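# Coordinates in review
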Amino acid sequence: MKKLEVIVPCYNEEESIVLFEKRMEEIFCLLPEYQCSILYVNDGSKDDTCQIIKKSSAEKDYVNYISFARNFGKEAAMFAGLSHSAGDFVVVMDADLQHPPELIPQMLDGIKEGYDCCMARRTNRKGEKIIRQKLSRMFYRLMNRITSVEMLQGSTDYCLMTRQMADAVLSLHERERFTKGIFNWVGFQKKYIEYENKERIAGESKWSFGTLFRYAISGITAFSVTPLHLASAIGIIVMLAAFLYALYIFVTTLFLDTARTGFASIIIILLFLGGMIILLLGVIGEYLSKIYIEVKQRPVYIIKDTSLKAKDGE
Ligand code: UDP
Ligand code: MG
């Protein structure tokens, strides 16, 4: 019997877990030909999430958990889940039921058709703030233009993949992980399954505008060096403009005898160039910080407690 393992990153999800598990059990009943299991990754929750998943894991054989020593972020939680998964097919999904579990049978059908991975894709962003929708659309357009990975609008990290693809995802060892990009980077045959966006079942989103912005920058710098090339291009354009302007001043002073008073223009140019230099240094800094983080070789997560060994040893 093939194993189907569902990895669920959880951070302060005490209100969602029970509802989530109930829905998953209904889905598992529809899949008698698979040995289904859930692997919760508690990402340093401050509420009762850890107790709830521990209790569930003690009661049910098909529920396991990994608990982090602190909050390491959803990316780290997904990585830990994949690293410890043993399923022939692995699903990664959120605990808040925004990722509809009823897509799993359709995803398995996709695998039977010969795909390596079935990814869920939102057709709308109902229930989200307009500004977040607009910025997200801009981000996808930018990602597709300047990086080599192709990301469809509305793609999520809810997907079902084969063991082979999960191992390929794990073979990328970067510390700052941008999973959506990694899923696309590794290739393989993907099928997109569309669904209407759902609101959270309980609790609230952990993403603020600031964290999303950092996430977007991290995604771009992880998959593209175009901003660095752009910095050189801007430098050349500014130098060319300065040269042409100098030529213009030289000619007009020589032949037209006009007096040059340029205090305002000098200040404007100084400020403009100063701002641009700082901005471009910032771009270089982004890449430097990436190198710094990678060079330190710190672990992506630290596990405090898990049910995996205990159950294996039984
Ligand atoms: N999550 C996590 N660590 C974090 C933040 C979120 O494991 O630091 C989990 C969270 O419990 C949920 C999933 O990642 O299962 C998606 O989070 P959320 O619903 O807040 O994101 P959104 O749906 O708003 O994008
Ligand atoms: Mg959510």
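Here, the structure is the one placed above.
Procedures and definitions
- Every residue gets a number counted from 1 within its own chain, in the order that chain's sequence is written.
- Note on labels: chains are lettered from A, ligands numbered from 1, in written order.
- Per-residue local features are limited, in this predicted model, to residues with pLDDT of at least 70; the limit for side-chain atom pairs, both in listing and counting, is 80 or more; totals at the level of whole chains, interfaces and linings are taken over all residues.
- Computation of side-chain values: all heavy atoms of the structure, hydrogens and water removed.
- For helices, the axis comes from a line fit to the C-alpha atoms of the stretch in contact; other axes are also lines fit to C-alpha atoms, and the angle between any two N-to-C directions lies between 0 and 180 degrees.
- Counting from the N terminus, the helices are the DSSP runs of H or I reaching at least four residues and the strands are the DSSP runs of E reaching at least two.
- Pairs of residues are marked as contacts when any of their non-hydrogen atoms sit within 4.5 Å.
- We call Asp, Glu, Lys and Arg charged. Ala, Val, Leu, Ile, Met, Phe, Trp, Tyr, Cys and Pro are nonpolar, and the rest, Gly among them, are polar.
- Listed donors are limited to N, O and S atoms within 2.8 Å of the metal, widened to 3.2 Å for Na, K and Ca; water is not among them, so incomplete-looking sites are possible.
- Only protein chains enter the area calculation, which uses a 1.4 Å probe; residues under 20% of their type maximum are buried, those over 50% are exposed, and those in between are partly exposed.
- One less than the number of residues in a helix, times 1.5 Å, gives the span that helix is expected to have.
- Think of it as the arc spanned by the lines of direction from the helix axis to the C-beta atoms.
- A pair is scored as a salt bridge if a Lys or Arg side-chain nitrogen falls within 4 Å of a carboxyl oxygen belonging to Asp or Glu.
- Strand pairing is defined by DSSP finding a minimum of two bridges between the two strands.
- To count toward a patch, a residue needs a relative accessible area above 30% and no salt bridge. Like charges then connect within 9 Å, nonpolar side chains (Val, Leu, Ile, Met, Phe, Trp, Tyr) within 5 Å.
- Accessible surface is estimated by sampling points in the Shrake-Rupley manner with a 1.4 Å probe; for residues, cover comes only from the protein chains shown.
- Under this rule, positive means Lys or Arg and negative means Asp or Glu; His and the chain ends count for nothing.
- By convention, charge coordinates are those of NZ in Lys, CZ in Arg, CG in Asp, or CD in Glu.
- Whether a residue is near a molecule or strand is decided by its heavy atoms; if any one of them lies within 4 Å of it, the residue is near.
- What qualifies as a polar contact is a pair of N or O atoms within 3.5 Å, subject to a donor-acceptor requirement within protein and to the restriction that residues adjacent in sequence count only when both atoms come from side chains.
- Note on terminology: angles under 35 degrees are roughly parallel, angles over 145 are roughly antiparallel, angles of 65 to 115 are roughly perpendicular, and the others are oblique.
- In this scheme the crossing of two helices becomes right-handed for a clockwise turn of the near helix relative to the far one and left-handed for an anticlockwise turn of less than a right angle.

## A word on the packing of helix α1 (residues 17-29) against helix α2 (residues 49-59)
At a minimum axis distance of 10 Å, the contact between α1 and α2 shows a crossing angle of 35°. Between α1 and α2, the residues in contact are Ile-17, Val-18 and Glu-21 and Thr-49, Ile-52, Ile-53 and Ser-56, respectively. Here the contact of α1 with α2 is composed, by residue class, of four nonpolar, two polar and one charged.

## Concerning the coordination of the magnesium ion (ligand 2)
Only Asp-96 (OD) and Gln-98 (OE1) from the protein reach the magnesium ion (ligand 2) as donors, at distances of 1.9 Å. For Asp-96, a relative accessible area of 3% corresponds to the buried category. Overall, the relative accessible area of 23% leaves Gln-98 in the partly exposed class.

## A word on α1
Look at α1: 18 Å from first C-alpha to last across 13 residues, which is about the 18 Å you get at 1.5 Å a residue. Those residues of α1 that fall on the buried side of the exposure criterion are Ile-17, Phe-20, Glu-21, Met-24, Ile-27 and Phe-28. In a view along the axis of α1, the buried residues occupy a sector of 120°, so they form one face of it. Among the exposed residues of α1, those oriented more than 90 degrees off its buried face are Lys-22 and Cys-29. Along its buried surface, α1 packs onto β1 (2-10), β2 (34-42), α2, β3 (63-68) and α4 (103-112).

## Quick notes on the pattern of salt bridges
Counted by the stated rule, this structure contains 14 salt bridges. Between Glu-113 and Lys-191 there is a salt bridge, with the nearest N and O atoms lying 3.1 Å from each other. Taken together, the positions of Glu-113 in the loop between α4 and β5 (117-122) and Lys-191 in strand β7 (residues 190-195) put the pair 78 residues apart, joining distant regions of the chain. The exposure class of Glu-113 is exposed, given its relative accessible area of 52%. The exposure class of Lys-191 is partly exposed, given its relative accessible area of 24%. Here the residues in one salt-bridge network are Glu-21, Glu-25 and Lys-60, joined through shared partners.

## Focus on unusual backbone geometry
Despite not being glycine, Asn-12 has its phi angle at roughly 50°, a positive value. With respect to the helices and strands, the residue Asn-12 is situated in the loop between β1 and α1. With phi around 70°, Phe-188 is a residue other than glycine that occupies positive phi space. Its location among the elements puts Phe-188 in the loop between α7 (179-185) and β7.

## Details of the pairing of β5
Counted residue by residue, β5 has five buried out of six residues, so it is predominantly covered. The pairing of β5 with strand β6 (residues 155-162) spans four bridges and is antiparallel. Among the inter-strand pairings, Cys-117 is bridged to a residue of β6, identified as Met-161. Two elements, β5 and β7, share six bridges in a ladder whose sense is parallel.

## Describing a positive patch on the surface
A surface patch of like charges, here positive, comprises Lys-134, Arg-137, Arg-141 and Arg-145. Within the secondary structure, Arg-145 is located in helix α5 (residues 130-146).

## Observations concerning the site of ligand 1
Around ligand 1 there are 17 residues in total, and Glu-13, Asp-43, Asp-96, Gln-98 and Ser-205 lie nearest to it. Tyr-11 places a polar main-chain atom, nitrogen or oxygen, 2.8 Å from an oxygen atom of ligand 1. One of the side-chain nitrogen or oxygen atoms of Asp-43 is found 2.6 Å away from a nitrogen atom of ligand 1. Its residues placed into classes, the shell around ligand 1 shows five nonpolar, four polar and eight charged.

## Details of the sheet that holds β5
Ordered in space as β7-β5-β6-β4-β1-β2-β3-β8, the eight strands form an open sheet in which the pairing is mixed. Whereas interior strands pair on both sides, the edge strands pair on one side only; in this sheet they are β7 and β8 (303-306). The average undirected angle you get between the axes of adjacent strands in this sheet is 20°. Direction of pairing for strand β4 (residues 89-92) relative to β6: antiparallel, over a ladder of four bridges. Each bridged residue has a counterpart across the sheet, and for Phe-89 the counterpart in β6 is Thr-162. Packing against the sheet, α4 makes contact with β1, β2, β4, β5, β6 and β7, and its axis sits at approximately 55° to β6.

## Remarks on the packing of helix α9 (residues 226-256) against helix α10 (residues 263-296)
Where α9 contacts α10, the axes come no closer than 10 Å and their chain directions differ by 160°. One way to sum up the angle between α9 and α10 is to call them roughly antiparallel. Relative to α10, the crossing made by α9 is left-handed. Contact residues: α9 offers Pro-227, Leu-228, Ala-231, Ile-234 and Val-238, while α10 offers Leu-273, Met-276, Leu-280, Val-283, Ile-284 and Tyr-287.

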